[in-house]
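# Examining the three-dimensional arrangement
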Amino acid sequence: VSHVDTSALHILHDMAETYRDRDIQLCLANPSRMVMDKLSSSGVADDIGRDNIFVSIRDAVDQCLRQMDSIEMSKHDQDTDTTDPLQQDVDCCDSSEINGDGGHDDTDVQRSTKDIEAQVQQ
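First, a word on what this report is: a plain description of the structure on this page.

Helix and strand counts for the chain stand at six helices and two strands. Walking the chain from its N terminus toward its C terminus, one meets helices and strands in the order α-β-α-α-β-α-α-α. A total of 122 residues make up the chain; the buried ones form 16% of that total. The long-range share in the chain, meaning contacts at least 24 apart out of those at least 6 apart in sequence, stands at 60%.

In structure tokens form, the structure reads like this:
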């Protein structure tokens with residue numbers, strides 16, 4: 001779009017409010033300099049969110065996909081046990097597992113590694 005008038009600015013403002021109320025993100029891609037100037041001076045750029053106005057469609061889609069992934073990951077993190085299976089094995093090596101030369105017994109290390117791998121695969 002290379003031109004917007006006051007009617008378009010009012011519609012964009014109303015869309016931004018309506019979508020925000022419905023938890024839908026409005027994004028704009030590739031506005032001309034003149035359009036961007038009008039969006040800024042009218043306050044519509046702030047209504048939409050300046051971080052939701054992109055130079056290209058690809059940039060807009062990439063950002064939206066990242067946000068959607070982030071939301072899904074946070075939902076997934078809330079649904080799963082917060083205990084990290086790798087963290088559970090960190091404290092498994094106490095002083096009784098250290099052999100006489102100050103190192104770990106190779107069989108204990110191998111066993112711990114296999115236990116970690118099995119937990120991660122589950």
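Note on pairing: side chains with opposite charge can pair once their charged atoms come close. Throughout the structure, instances matching the rule amount to three salt bridges. With its nearest N and O atoms 2.9 Å apart, the salt bridge here joins Arg 50 to Asp 46. Note that Lys 75 is salt-bridged to Glu 72, the shortest N-O span being 3.6 Å. On the criterion of helical spacing, the pair formed by Lys 75 and Glu 72 is a turn pair, its members being three residues apart in helix 4 (residues 57-79). Owing to a relative accessible area of 42%, Lys 75 belongs among the partly exposed residues under this scheme.

Together, Ile 57, Val 61, Leu 65 and Met 68 make up an exposed nonpolar region whose accessible area comes to about 400 Å². Tracing the sequence through the fold places Met 68 in helix 4.

Bringing the environment of Asp 5 into the picture now. Inspection of the secondary structure puts Asp 5 in the segment before helix 1 (6-21). When the C-alpha positions of Asp 5 and Lys 38 are compared, they lie 8.5 Å apart, and in sequence the two are 33 residues distant. Of the polar contacts made by the side chain of Asp 5, one reaches the backbone nitrogen of Ala 8; its length is 2.9 Å.

Basis of the calculations
- Residues numbered from 1 in each chain as written.
- Predicted model: local features only at pLDDT ≥ 70, side-chain atom pairs only at ≥ 80, totals over all residues.
- Heavy atoms only, no water.
- Helix = DSSP H or I, 4+ residues; strand = E, 2+ residues; numbered from the N terminus.
- Buried < 20%, exposed > 50% of the residue type's maximum accessible area, 1.4 Å probe, protein only.
- Contact = heavy atoms within 4.5 Å.
- Salt bridge = Lys/Arg side-chain N within 4 Å of Asp/Glu carboxyl O.
- Patch = residues over 30% accessible without salt bridge, like charges linked within 9 Å, V, L, I, M, F, W, Y side chains within 5 Å.
- Areas by Shrake-Rupley, 256 points an atom, 1.4 Å probe, with all protein chains shown as cover.
- Polar contact = N/O pair within 3.5 Å; in protein donor to acceptor, adjacent residues only side chain to side chain.

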